[in-house]
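Each chain is listed here by its residues.
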Amino acid sequence: MDQRLEVFLKVIEKRNFSKAAEELHMTQPAVSQYIRSLEESTGIKLLERTNKYVRLNKAGEIVYHHAVEIKELYAKMNHLLDDLTNKASGSIAIGASYTFGEYLLPQIIAEAKERFPDIKPTVTIGNTTTIAGLVLSHQLDVGIVEGHFKGVQELKTEPFAEDRMVVVASADHPLVQRSKAIKVEELIEETWILRELGSGTREASENVFKQFSIEPKSLMHFSSTQPIKAMVEAGMGISLVSEWAIKKELRYGDLKVVDVEGLPYTRDFSIVTRSPFRTKALSAFLDLLKGHQELTDFKIE
């Protein structure tokens, strides 16, 4: 990687020439020379600088954005070259949407570390749209999501497991006392407690509403599943959630599945990648992920 870009990134990280020089084990004049050389090669000034601060201008923001991607791609290239002769090792940047990331990924990461101790995974949890964006910008090696995202041709999406979505209510809710299956239309008057827009779980809820041509009169929104479960348990409404997210609550009787005609709703967990090249570490992790038996074993009785 061009050392001028390395120096440029360090100056932006430290917001100071002298601190960047110290980190890079250089003199401050040497750092200044690298930045000057980079500006001369691009033909435009990249930084606004005074004795008190260093700040990116518009051109600098463009260079910085692409320099970050170049650095990440350079590191990935070296990992791939190392893989030609070495065993699975090194870092993997893994992203996952909330349902998978909170309820399934920890166990898989633990197993990966046991089988491949030299792999160093880092995990980012976010909604489906966020994770896809981070994979697209090379900040993540792989994303594991539920739901879909549109207009991103650069990303490869590979479904690998099925998820079942069910309607849940508190244990003493009148809906769970019914002896016959309930029509979805009967749930219009209920308060639906849902995830935020951009999440795969919210997309599933919207798909169910569209499929059955209903429009609930009262909606509440939360950015993760845990508060949704707490609100439902407290009798504040109902929700559509993954079976995986409620295993513990069902076991202890805190939540109950509402028997609704036409449900459960099924969706896929999908692997999202951008680069066609995979390190041995990433390939080993994906093989483990796709072969994880628990993903296909669990069913609510």
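Residues numbered from 1 in each chain as written. Predicted model: local features only at pLDDT ≥ 70, side-chain atom pairs only at ≥ 80, totals over all residues. Heavy atoms only, no water.

**Some thoughts on the overall build of the protein**
So, point 1. Of the regular secondary structure elements, the protein holds twelve helices and eleven strands.
So, point 2. Here the C-alpha radius of gyration of the protein, 24 Å, is well above what a compact globule of 301 residues would show, namely 19 Å.
So, point 3. In terms of overall dimensions, the protein has C-alpha extents of about 80 × 45 × 35 Å along its principal axes.
So, point 4. Of the contacts formed within the protein by residues at least 6 apart in sequence, a portion of 76% connects residues at least 24 apart.
So, point 5. Total accessible area computed for the protein in this model is approximately 16000 Å², and 50% of it derives from carbon and sulfur atoms.
So, point 6. The protein carries 38 positive and 43 negative side-chain charges, and their two centres are separated by 5 Å. (Helix = DSSP H or I, 4+ residues; strand = E, 2+ residues; numbered from the N terminus. Rg over C-alpha atoms; globule rule 2.2 N^0.38 Å. Contact = heavy atoms within 4.5 Å. Areas by Shrake-Rupley, 256 points an atom, 1.4 Å probe, with all protein chains shown as cover. Lys, Arg positive; Asp, Glu negative; His and termini not counted. Charge placed at Lys NZ, Arg CZ, Asp CG, Glu CD.)

**Some details on helix α3 (residues 28-42)**
So, point 1. With 15 residues, α3 ought to run about 21 Å at 1.5 Å a step, and its terminal C-alpha atoms sit 21 Å apart, in line with that.
So, point 2. Along α3, the residues that are buried comprise Val31, Ile35, Leu38 and Glu39. One face of α3 carries all of its buried residues, which in axial projection span an arc of 100°. Exposed and facing more than 90 degrees away from the buried side of α3 are Pro29 and Glu40.
So, point 3. Buried residues along α3 sit against α1 (3-14), α2 (17-24) and β1 (47-49). (Expected span 1.5 Å × (residues − 1). Buried < 20%, exposed > 50% of the residue type's maximum accessible area, 1.4 Å probe, protein only. Arc of directions from axis to C-beta.)

**Some words on unusual backbone geometry**
So, point 1. Following leucine 263, the chain continues to proline 264 via a peptide bond in cis, the omega torsion being 15°.
So, point 2. Note on placement: proline 264 falls in the loop between β10 (255-257) and β11 (265-273).
So, point 3. Its identity as a non-glycine residue notwithstanding, histidine 25 has a phi of 60°, on the positive side.
So, point 4. Position of histidine 25 relative to the elements: it lies in the loop between α2 and α3.
So, point 5. Classification of histidine 25 as exposed rests on a relative accessible area of 75%.
So, point 6. For serine 213, which is not glycine, the phi dihedral falls at a positive 55°.
So, point 7. Inspection of the secondary structure puts serine 213 in the loop between α8 (200-211) and β8 (218-222).

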